[in-house]
Amino acid sequence: MRVLDTGIRRSTSACLRVIRCGVLVLGLTTAATSVAQDCFESRQNASKVTVKESADGQVNVKCSETTGGVLWWGDPYDATVPMGEMPIEADYDHGEAVVKSRTKQLAMFPVCGTACHNGTFPPPNDDKTPRTLTMHTDVVPDATNLQHGRGAIWCLDCHHSETRNHFTDHSGNLIDMNEPQKLCGKCHGPAYRDWRGGLHGKRIGEWASTGKKRWFVCTECHNPHDVQQGERNSGFAQLESEPAPRLPKGLENADHERHHGGH
Amino acid sequence: MTERTIPLTNITDDLPCDSAVEVCTPGEGKPESGITRRKFVKNTSGMSAASLLGTAALMTNSDDAHATSEWAEWFQGNYRLMSDEEKQEAVDRLERRYSAEYGKDVTVDTTPAQEGVLFGYALNIQKCIGCRRCVKACVEENNQSRGEAQETEWIRVLKMEKGEFSEAKMGEGYPDDYGIQVGGNAYTAAGVVIEGEHYYEPEKVPEEDSFYMPIACMQCEKPPCVKVCPVRTTYREPDGIVVIDYNWCIGCRMCIGACPYWARRFNWGEPNLPKDQMNPVTHYLGNRPRMKGVVEKCTFCIQRTRKGRYPACVEVCPVGARKFGNLLDPESEVRRVLASKRVFRMKADMNTYPKFFYYVD
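Parameters and conventions
- Residues numbered from 1 in each chain as written.
- Chains lettered and ligands numbered in written order.
- Predicted model: local features only at pLDDT ≥ 70, side-chain atom pairs only at ≥ 80, totals over all residues.
- Heavy atoms only, no water.
- Pairing = 2+ DSSP bridges.
- Helix = DSSP H or I, 4+ residues; strand = E, 2+ residues; numbered from the N terminus.
- Disulfide = S-S within 2.5 Å.
- Buried < 20%, exposed > 50% of the residue type's maximum accessible area, 1.4 Å probe, protein only.
- Phe/Tyr/Trp six-rings, centres within 6.5 Å; stacked < 30°, edge-to-face > 60°.
- Lys NZ or Arg CZ within 6 Å of the ring centre and 35° of its normal.
- Axes fitted to C-alpha atoms, helices over the stretch in contact; angles between N-to-C directions.

### Focus on the pairing of strand β4 (residues 70-73) of chain A
Residues and elements named next belong to chain A.
Then, in step 1: Bridge count for strand β3 (residues 61-63) against β4 is three bridges, and the pairing is antiparallel. Residue pairing across strands places C63 opposite V70, the latter belonging to β4.
Then, in step 2: As consecutive antiparallel partners, β3 and β4 are separated by six residues, and within that stretch G68 has a phi angle of approximately 80°, a positive value.

What follows is the structure, given as structure tokens:
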């Protein structure tokens, strides 16, 4: 969708020079509106959401035309499932908690545990040295240089060695793919504690501590296969920003604000 | 019922709608209560003010929602002093008018503050990446004017340079020329007098060596804007939200001058709000469409928060930097922030006691 938009904009500007291609622009625009609009929630290329209209004319989300990010939730609980039981480490929130199901978004999920990863294949490497992947390189471009854990962890520290459509805890028990917090909390204690208390991460829905909220889980904001993000090391991938405010009338650029402060 | 509160919205008859309102279709302008103009004038002929208003309505020679409500609005009281009955009349009138103007079912809410609720806001300045989604979500939710002629945004995001104590920057940039320094350090005068870059537009955010500071209304406990308002149209609600009754605002802009946070915006021209982008769920003191010549500002999304929902900017933040909740509830997210994080308030020395807190992990 984003690519298509940019394409139209480019061809529009080109068309200003060649007037007779107006018909083409019209055709492209029609094609764009007929495609269902997709945008992303927190992480680009992940947490995709499709705009749909409910019976009363309300939309589930509104998307930014410039960046393709969600700008507004009509229904904060759209496509969510109950978060499920969480271990009680402290006195945390008692409100109703829902999450967006990750497994429903993975096209191959229903078959991946049987078709390819059947428990014995592919055989895990006993010495914890990752081999070069032949598949899933879109997710992990270079398995021998995983951008998480600074070389101290490898694939099967998180993914269950036999039941590949689940994660694993320290004792080899299964963790559902919809509950990555149970996995990430193994190492990231302080962040996990803050997340349980509502200080870290994001929730949408009702503000009351007893209200119903949709909790965003770890992987909805962070890319577990690339948390280091090169030199920035902030845990977030960089995003395109929404456009700057309009300049006051009569001002041609914003150079003035760069002259203040630091010399 | 006083003379002033006669339901002028009922002065309609069976004539077809006036063409001044585009979306008006025959039948829509019919009175709900069945009172025709003739009946109305007859029933109230003994009351001088009412007769005057009746005549005025006749003089406008239209039955459209806009004209009648505009006349009635001139005689409307200060929202704080209105009785429940008067509020209901005002709301009915506005709903009819907005619905006709925007071609959809517009609701104007008057939900009062809840008992035992004091709203508070916390923003993790370390997490903010400066993507400006909150700014645009706010516009989406709160029916601000958009477009080239007049663009109104309640939140502004400032980009500031990250201060550092480095060898290379020793002895440079001491901010004596610039007054109060609020960011950076003694060697790197970033954020002097809360000046940062407002119009930054890099390819991707966050940029290295930058941090971002979103600013909107701080919902002060002692709001300077309220102190200076000569007509007392802006005031603080019991749940801590500083609101404006747009109908009572005279547009003097004293509050804009008094606000230390640059939180208020003025409608210099008629706001431009496209029909298809208009949010029909509104509150009288919040996001209902404004008119030319009135001041507006952030209300913590009063139309949402009074109904239990998070403000739009909290929900949209892609990094979860924004927290909102009840300051009187120890279990709420803001209270937990206050209890366990390092917190500061902007321009705390002004004694405005903001209900908006900045924090770092």
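### Regarding the state of the cysteines
Then, in step 1: Counted under the stated rule, the structure contains one disulfide over all chains.
Then, in step 2: Put simply, C39 of chain A and C63 of chain A are joined by a disulfide, and their sulfur atoms are 2.0 Å apart. Separated by 24 residues along the polypeptide, C39 of chain A in strand β1 (residues 38-40) and C63 of chain A in strand β3 bring together distant segments of the chain.
Then, in step 3: Its relative accessible area of 12% is what places C63 of chain A among the buried residues.
Then, in step 4: A disulfide-free cysteine, C112 of chain A has its sulfur positioned 8.1 Å from the sulfur of C116 of chain A, the nearest such atom.
Then, in step 5: The closest cysteine sulfur to the non-disulfide-bonded C220 of chain B is located on C217 of chain B, 6.3 Å from its own sulfur.

### Section: the packing of aromatic side chains
Then, in step 1: The final tally for this structure, using the stated rule, is 15 aromatic pairs over all chains.
Then, in step 2: Their ring planes at 15° and their centres at 4.7 Å tell us that Y121 of chain B and F356 of chain B sit as a pair that is stacked. Placement of the pair is Y121 of chain B in strand β2 (residues 119-124) and F356 of chain B in strand β12 (residues 356-360), with a sequence separation of 235 residues.
Then, in step 3: Members of the aromatic cluster, connected to one another through ring pairs, are W207 of chain A together with F119, Y121, F300, F324, F344, F356 and Y358 of chain B.
Then, in step 4: K202 of chain A extends its terminal NZ or CZ atom over the ring of F216 of chain A, reaching a point 4.8 Å from the ring centre.
Then, in step 5: Between K87 of chain B and the ring centre of Y79 of chain B, over which it is positioned, the NZ or CZ distance is 4.7 Å.

### Digging into the sheet that holds strand β5 (residues 80-82) of chain A
Residue and element names in this part refer to chain A.
Then, in step 1: Read across the open sheet, the four strands follow the order β5-β6-β10-β9; overall the sheet is mixed. Looking at the sheet topology across the chains shown, the edges are occupied by β5 and β9 (203-205). For this sheet, the mean angle separating the axes of adjacent strands, direction not counted, is 40°.

So far we have only geometry, and geometry alone does not tell us how the molecule works.
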